[in-house]
Each structure stands twice: as C-alpha cells, then as structure tokens.
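# Fold and contact review
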Amino acid sequence: MENTNHESAKLFADAKQGIIDDMKSRGIGAIIWDNATAGFPFLPEVVCHSAKDPAKSRVAQIMGLYRYNDVLYLIEEDRAPIKFKDFWNPDTEAAPTVVTLTEDIAIKDLGDPEAVKGYTTQGTLEEWTAIADCYFQALNQN
C-alpha cells in the first residue's frame, strides 16, 4: 500500500509539473476563466482544510490557475482579491470567457499568493485532474 501511495504522489506531482511546463511554454503566468460562461461539464471545486483547525473545511470554486515561483496555485472564486471582470474593459470590449496573463502581469495583478487569502495548493488528485481538464478546455476557448 505504501508503494501505491508513493506512486500516486509522484503521478500527482508530475501532473502538476506538466501543467507548469505547459503554462511556461505558452508564456502564461495565470489563466482565469468565468465559470458562468465557460461551459465546463462540471464546476471546478476543491475541498480546502483549515491549517488551524483540521476539523474545519470548505468547498472552494476555482476560477483559474496561477504559476508563481514554479508552484501552481488554484485561484479561488469570490475569495482571491480579484474579480474576473477586472481583466477587460466592458465599455470597449466584449466579455471574454478566458483571460490569460503573462508572468509579469500575473505577478503585478495577483501578487504573492502566500501573502493573501484566495489561492491554494490543496485538493485531491481527482480534484486537480478535473481542474487540469478545465485548464485545457479554457485554452481552447482562449
């Protein structure tokens, strides 16, 4: 059983690294999607557990991915200090479904994900697999 857990952990780490590498190759520091219009077959969510009280947990809806210092963070909708509508001008542009930010712009606009609430690395392999699927679907909509 221990070997299986180790293999699963390695697969999980490799999958996250694959997304990081894909984002780097595309020049993406962050990708943000509008869950209301993205048309995903499911809502991307993860269960987040409190570091202070392990008995406490909450379900976070995910609105994107943020690559910061070679760590992949999930952007929590309605918790991260950003709103999807902040990334286009409604007076001159049609509302997009997906917005990608270069690394420089992502750092400027999103900041340090360890310094504010709304970014997480939590989630199970299954939850991250679903979010990876959303990432690739979002790329196709961009």
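The present account deals with the structure reproduced in this document. Because the structure is a prediction, the values reported are computed rather than measured.

On to the overall build of the protein chain, then. The secondary structure content of the protein chain amounts to three helices and six strands. The helix and strand sequence of the protein chain, counted from the amino end, reads α-β-β-β-β-β-α-β-α. When each of the 142 residues of the protein chain is scored for burial, the buried share is 38%. Considering only contacts in the protein chain between residues 6 or more positions apart, those separated by 24 or more positions represent 70%. As displayed, the protein chain has an accessible area near 8200 Å², and 51% of this comes from carbon and sulfur atoms. Looking at charge distribution, the protein chain has the averaged site of its 13 positive side-chain charges lying 5 Å from that of its 23 negative ones.

This next bit is on the environment of Lys 16. By secondary structure assignment, the location of Lys 16 is in helix H1 (residues 2-26). Separated by 55 residues in sequence, Lys 16 and Val 71 have C-alpha atoms that sit 8.6 Å apart. Those residues in contact with Lys 16 that sit more than four places away from it in its chain are Leu 72, Thr 121 and Trp 128.

You will see that Asp 70, though not glycine, has its phi angle at about 60 degrees, which is positive. For Asp 78, which is not glycine, the phi torsion reads 65 degrees and is therefore positive.

As a further point, take the packing of aromatic side chains. For the structure shown, the criterion picks out six aromatic pairs. On the numbers, 5.6 Å between centres and 90 degrees between planes, the contact of Trp 33 with Phe 40 is edge-to-face. Both residues of the pair, Trp 33 and Phe 40, count as buried. Measuring from centroid to centroid gives 5.7 Å for Tyr 66 and Tyr 119, while their planes differ by 55 degrees, and the two rings are tilted. Here Tyr 66, found in strand E3 (residues 57-68), pairs with Tyr 119, found in strand E6 (residues 119-120); they are 53 residues apart in sequence, far enough to count as distant. When its relative accessible area of 0% is taken as the criterion, Tyr 66 is described as buried. Here Lys 16 stacks its cationic end above the ring of Trp 128, 4.3 Å away from the centre of that ring.

Another point: the pairing of strand E2 (residues 45-49). Only one face of E2 is covered, namely the one carrying Val 46 and Cys 48; the face carrying Glu 45, Val 47 and His 49 has none of its residues buried. Here E2 pairs with E3 via five bridges, running antiparallel. Residue Glu 45 lies in a different strand from E3, and its bridge partner there is Gln 61.

Rules of the game
- Numbering of residues starts from 1 in each chain and follows the order in which that chain's sequence is written.
- A pLDDT threshold of at least 70 governs which residues receive local features in this predicted model, and a stricter bar of 80 or more applies before side-chain atom pairs are shown or counted, although totals over entire chains, interfaces and linings include all residues.
- The basis for every side-chain value is the complete set of heavy atoms in the structure, and neither hydrogens nor water enter the calculation.
- Secondary structure elements are defined from DSSP: runs of H or I of at least 4 residues count as helices, runs of E of at least 2 residues count as strands, and each element is numbered from the N terminus.
- We call a residue buried when its accessible area falls under 20% of the maximum for its residue type, exposed when it is over 50%, and partly exposed in between, using a 1.4 Å probe and counting protein chains only.
- Here, residues are in contact when the closest pair of their heavy atoms is within 4.5 Å.
- For every accessible area listed, the method is Shrake-Rupley and the probe measures 1.4 Å; residues are considered covered only by the protein chains on display.
- For the purpose of charge, His is not counted, nor are the chain termini; Lys and Arg are scored as positive and Asp and Glu as negative.
- For the purpose of locating charges, the reference atoms are NZ of Lys, CZ of Arg, CG of Asp and CD of Glu.
- Centre distance within 6.5 Å is the pairing criterion for rings of Phe, Tyr and Trp, where only the six-membered ring of Trp is used; planes under 30 degrees apart are then read as stacked, over 60 as edge-to-face, and the remainder as tilted.
- Only lysine NZ and arginine CZ atoms are considered, and such an atom sits over a ring when it is within 6 Å of the ring centre and within 35 degrees of the ring normal.
- Strand pairing is assigned whenever DSSP identifies at least 2 bridges connecting the two strands.

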